[in-house]
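# What the coordinates show
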Amino acid sequence: MKLETIHTLCRLPVPLSEAWDFFSDPRNLERITPTSLGIQITSAIPPRMHPGMIVTYTIRVFPGIPVRWVTEITHVMEPLLFVDEQRFGPYRFWHHRHRFRALEGGTEVEDLVHYALPFGPAGRVFAGGFVRRQLDGIFAFRRRFLEDTFGKLDVPPA
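These remarks concern the structure in this document.

Here is what the cut-offs are and how they apply
- Residues numbered from 1 in each chain as written.
- Predicted model: local features only at pLDDT ≥ 70, side-chain atom pairs only at ≥ 80, totals over all residues.
- Heavy atoms only, no water.
- Pairing = 2+ DSSP bridges.
- Helix = DSSP H or I, 4+ residues; strand = E, 2+ residues; numbered from the N terminus.
- Patch = residues over 30% accessible without salt bridge, like charges linked within 9 Å, V, L, I, M, F, W, Y side chains within 5 Å.
- Areas by Shrake-Rupley, 256 points an atom, 1.4 Å probe, with all protein chains shown as cover.
- Salt bridge = Lys/Arg side-chain N within 4 Å of Asp/Glu carboxyl O.
- Contact = heavy atoms within 4.5 Å.
- Axes fitted to C-alpha atoms, helices over the stretch in contact; angles between N-to-C directions.
- Core = buried A, V, L, I, M, F, W, Y, C linked by side-chain atoms within 4.5 Å.
- Buried < 20%, exposed > 50% of the residue type's maximum accessible area, 1.4 Å probe, protein only.
- Polar contact = N/O pair within 3.5 Å; in protein donor to acceptor, adjacent residues only side chain to side chain.

### Comments concerning the pairing of strand E3 (residues 54-62)
The pairing of strand E2 (residues 40-41) with E3 spans two bridges and is classified as antiparallel. From the neighbouring strand, Ile 41 faces E3, where its bridge partner is Tyr 57. Looking at chain direction, E3 and strand E4 (residues 65-77) are connected through eight bridges and run antiparallel. Within E4, the position partnered with Thr 58 by the bridge is Arg 68.

### Points about a nonpolar patch on the surface
On the surface, a nonpolar cluster with roughly 280 Å² of combined accessible area is contributed by Met 1, Leu 3 and Phe 93. Mapping Met 1 onto the fold places it in the segment before strand E1 (4-12).

### Side note on the sheet that holds strand E7 (residues 106-116)
Strands sit in the order E1-E7-E6-E5-E4-E3-E2 across an open sheet of seven strands; the sheet is antiparallel. A single partner strand is all that each edge strand has here, and the edge strands are E1 and E2. Strands in contact with helix H1 (residues 16-23) are E4, strand E5 (81-88), strand E6 (93-103) and E7; relative to E6, the strand with the most contacts, it is inclined by about 155°.

### What about the nonpolar core?
Formed by 36 residues in total, the largest nonpolar core has its most connected members in Phe 23, Tyr 91, Phe 100, Tyr 115, Leu 135 and Leu 146. Secondary-structure elements contributing two or more residues to this core are E1, H1, E3, E4, E6, E7 and helix H2 (120-150). Looking at this core element by element, the count peaks at seven residues for H2. If near-sequence neighbours (up to four positions away) are discounted, Phe 23 is found in contact with Ile 32, Met 49, Phe 82, Phe 100, Val 109 and Leu 146.

### Here's the deal with the pairing of E4
Between E3 and the antiparallel strand that follows it, E4, lie two residues; Gly 64 among them carries a positive phi value of about 80°. By the bridge criterion, seven bridges tie E4 to E5 in an arrangement that is antiparallel. Residue Met 77 lies in a different strand from E5, and its bridge partner there is Leu 81. Here E4 hands over to E5 after three residues, the two strands then running antiparallel side by side.

### Notes on the side chain of Asp 84
As for its placement among the helices and strands, Asp 84 is situated in strand E5. Within the structure, the side chain of Asp 84 is placed 2.7 Å from the side chain of His 98, a separation counted as a polar contact. Aside from chain neighbours lying at most four places away, what touches Asp 84 is Thr 71, Glu 72, Ile 73, Trp 94, His 95, His 96 and His 98.

### Comments concerning the pattern of salt bridges
All told, the structure shown has twelve salt bridges when counted by the stated rule. Between Arg 48 and Asp 21 there is a salt bridge, with the nearest N and O atoms lying 3.3 Å from each other. Separated by 27 residues along the polypeptide, Arg 48 in the loop between E2 and E3 and Asp 21 in helix H1 bring together distant segments of the chain. Among the ionic pairs, Arg 99 bridges to Glu 110, the shortest N-O distance being 2.4 Å. Taken together, the positions of Arg 99 in strand E6 and Glu 110 in strand E7 put the pair eleven residues apart, joining distant regions of the chain. Taking relative accessible area as the criterion, Glu 110 reaches 8% and is therefore assigned buried. Here the residues in one salt-bridge network are Arg 11, Arg 97, Arg 99, Arg 101, Glu 108 and Glu 110, joined through shared partners.

Structural measurements only, silent on function.
Structure (structure tokens):
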């Protein structure tokens, strides 16, 4: 199984506690996902995530084709990180770590995703580029949404 990786950083001019409050509310998943994916949470969810929480939803991975997806919040270290893992869905493997780090004047939000497509090499050949572009688009949308909502923290290079 070949794992692919996505790594993104976004720096927001809000305190760590505010960033954590936003991301730890699973209802915000619909807000930070492009509407073209038609994400709909189908399970009852609490206003704050916790380890072991299961979230079910449908998403249109391919245009017009809804797919069921089940994820579990496997780790929570408030307010520094949480991990969601696919239990059932479109990927052979999905592990998404969300990390938060206080910065002077704001918070750094880091996403690290490891994923594998189904159907081995054939899945990568026939859908790998499409899926990668789609995921890159999702994270670009997320970044724009966060910066439009909270602002952008400009941090000089180290």
